[in-house]
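Examination of the molecular architecture
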Amino acid sequence: KSVSGAGALRFIGTGKVTNTSNLNTTGPLQVYPPSSFVTEGPITVGSVNVDGELTLNQPLTITTGDFVVGDTQPGHGRAVISEGTVDAATIVVGKNAGTSGVLLQTGGTVIDRTGGTDCYVGGGNNAAFGVWGAYRMTGGVLNTSNHFQVGAQGIGIMGVGNATVNFKAGVPSIGRSQDGTNSR
């Protein structure tokens, strides 16, 4: 069955949830630690906030405003994309103080579409000093249409091998902000 509405979809707990239907909401999809969420159905949501684990391994699309891995919950958020498409206005990996995020892409396509704000790997705001984010691409495609900052207000790591990154607009920045640091 499909799930639709205006509220938040929040996954909290120790189990793994596998979605096989359509999810459509104007609210956020929130995956809190230590939850694990695997999607096998298309998702259209206001935002995706991953503080637990999210896996996209099917030829389908997640359409969202913000796609944030490592957002508000203490600890480590992780997203694994091996197939399909993430179509987001903004991509952030490791956003707020006390968090960290890892985005592993082995296939599929990640799109940072026109109209969003800057994308960050490692710190998404001035209060994010010490936060870290890592984006590892060993396959697939990243298409970005906004500024893409690695080591913005925190520690950012990005590794690309056997993958394609297209900066269509904006500029890639490494260690852009005063407290931003980067590695590789």
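Preceding block: the structure.
This section reports on the structure supplied with the text. Remember, predicted model here, so these are calculated numbers, not experimental data.

Calculation rules
- The residue numbering used here restarts from 1 in each chain and proceeds along that chain's sequence as written.
- Per-residue local features of the predicted model are confined to residues with pLDDT of at least 70, and side-chain atom pairs are confined, for both listing and counting, to 80 or more; whole-chain, interface and lining totals are unaffected and use all residues.
- Hydrogens and waters are ignored; side-chain quantities use all the structure's heavy atoms.
- Counting from the N terminus, the helices are the DSSP runs of H or I reaching at least four residues and the strands are the DSSP runs of E reaching at least two.
- Computation of the radius of gyration draws on C-alpha atoms alone. For the globule rule, the value is 2.2 Å times the number of residues to the power 0.38.
- Each residue's exposure class comes from its accessible area (1.4 Å probe, protein chains only) as a fraction of the maximum for that residue type: buried when under 20%, exposed when over 50%, partly exposed otherwise.
- Residue contacts are defined here by distance: any two heavy atoms, one from each residue, within 4.5 Å place the two residues in contact.
- Exposure was quantified through the Shrake-Rupley algorithm and a 1.4 Å probe, taking into account, for residues, occlusion by the shown protein chains and nothing else.
- His is not counted, nor are the chain ends, whereas Lys and Arg count as positive and Asp and Glu as negative.
- To locate a charge, the coordinates of NZ of Lys, CZ of Arg, CG of Asp or CD of Glu are taken.
- Under this definition, polar contacts are N or O atom pairs within 3.5 Å; protein pairs additionally need one hydrogen-donor-capable and one acceptor-capable atom, and for neighbouring residues in sequence, both atoms have to be side-chain atoms.
- The salt bridge definition used is simple: a Lys or Arg side-chain nitrogen within 4 Å of an Asp or Glu carboxyl oxygen.
- Here is the rule: rings of Phe, Tyr and Trp (six-membered ring for Trp) pair when centre to centre is within 6.5 Å. Planes less than 30 degrees apart are stacked, more than 60 are edge-to-face, and the remainder are tilted.

If you tally the helices and strands in the protein chain, you get 0 helices and 22 strands. Whereas a compact globule of 184 residues would reach a radius of gyration of roughly 16 Å, the protein chain reaches 15 Å, a difference of no more than 12%. By principal-axis analysis of the C-alpha atoms, the protein chain measures approximately 45 × 30 × 25 Å. By the burial criterion, 51% of the 184 residues in the protein chain qualify as buried. Taking the intrachain contacts of the protein chain between residues at least 6 apart in sequence as the baseline, contacts between residues at least 24 apart amount to 55%. Carbon and sulfur atoms form 50% of the exposed surface of the protein chain, whose accessible area is close to 7700 Å². Charge-centre separation for the protein chain: the mean point of 10 positive side chains lies 3 Å from the mean point of 10 negative side chains.

Before going further, it helps to examine the side chain of Thr64. Among the secondary structure elements, Thr64 is positioned in strand β10 (residues 61-69). Here the side chain of Thr64 touches Ser47 through a polar contact of 3.4 Å, landing on its backbone nitrogen. Of the polar contacts made by the side chain of Thr64, one reaches the backbone oxygen of Asp66; its length is 3.1 Å. Other than its neighbours up to four places away in sequence, Thr64 contacts Val45, Gly46, Ser47, Val48, Asp87, Ala88, Ala89 and Arg113.

In this structure the tally under the stated criterion is 2 salt bridges. Measuring nitrogen to oxygen at the nearest pair gives 3.7 Å for the salt bridge that ties Glu53 to Arg78. Here Glu53 is found in strand β9 (residues 53-56), whereas its partner Arg78 is found in strand β11 (residues 75-81), with 25 residues between them in sequence. With a shortest N-O distance of 2.8 Å, Asp87 and Arg113 are connected by a salt bridge. Taken together, the residues Asp87 in strand β12 (residues 85-93) and Arg113 in the loop between β14 (109-112) and β15 (119-121) connect sequence positions 26 residues apart.

Here we come to the side chain of Asn96. Counting through the fold element by element, Asn96 comes out in the loop between β12 and β13 (99-105). Among the polar contacts made by the side chain of Asn96, one reaches the side chain of Asn125 at a distance of 2.6 Å. Setting aside residues no more than four positions away along its own chain, Asn96 makes contact with Gly70, Asp71, Thr72, Asn125, Ala128 and Val131.

Counted under the stated rule, the structure contains 2 aromatic pairs. Considering the side-chain rings of Phe11 and Phe37, the 4.7 Å spacing of their centres and the 35 degrees angle between planes classify their relative orientation as tilted. In this pair, Phe11 sits in strand β2 (residues 9-11) while Phe37 sits in strand β6 (residues 36-39), placing the two residues 26 residues apart along the sequence. For Phe37, a relative accessible area of 1% translates into the label buried. Here the aromatic rings of Phe148 and Phe167 are separated by 6.1 Å at their centres, their planes lie at 65 degrees, and the arrangement is edge-to-face. One end of the pair, Phe148, is in strand β18 (residues 148-150); the other, Phe167, is in strand β20 (residues 164-167), with 19 residues separating them in the sequence. Given the relative accessible area of 37%, Phe167 is considered partly exposed.

Bringing the environment of Arg78 into the picture now. Assessed through its relative accessible area of 31%, Arg78 is described here as partly exposed. In this structure, the C-alpha to C-alpha distance between Arg78 and Thr55, residues 23 residues apart in sequence, is 8.5 Å. Dropping the residues within four chain positions of it, Arg78 is found in contact with Val50, Gly52, Glu53, Leu54, Val69, Val102 and Leu104.

On their own, these measurements won't tell you what the molecule is for.
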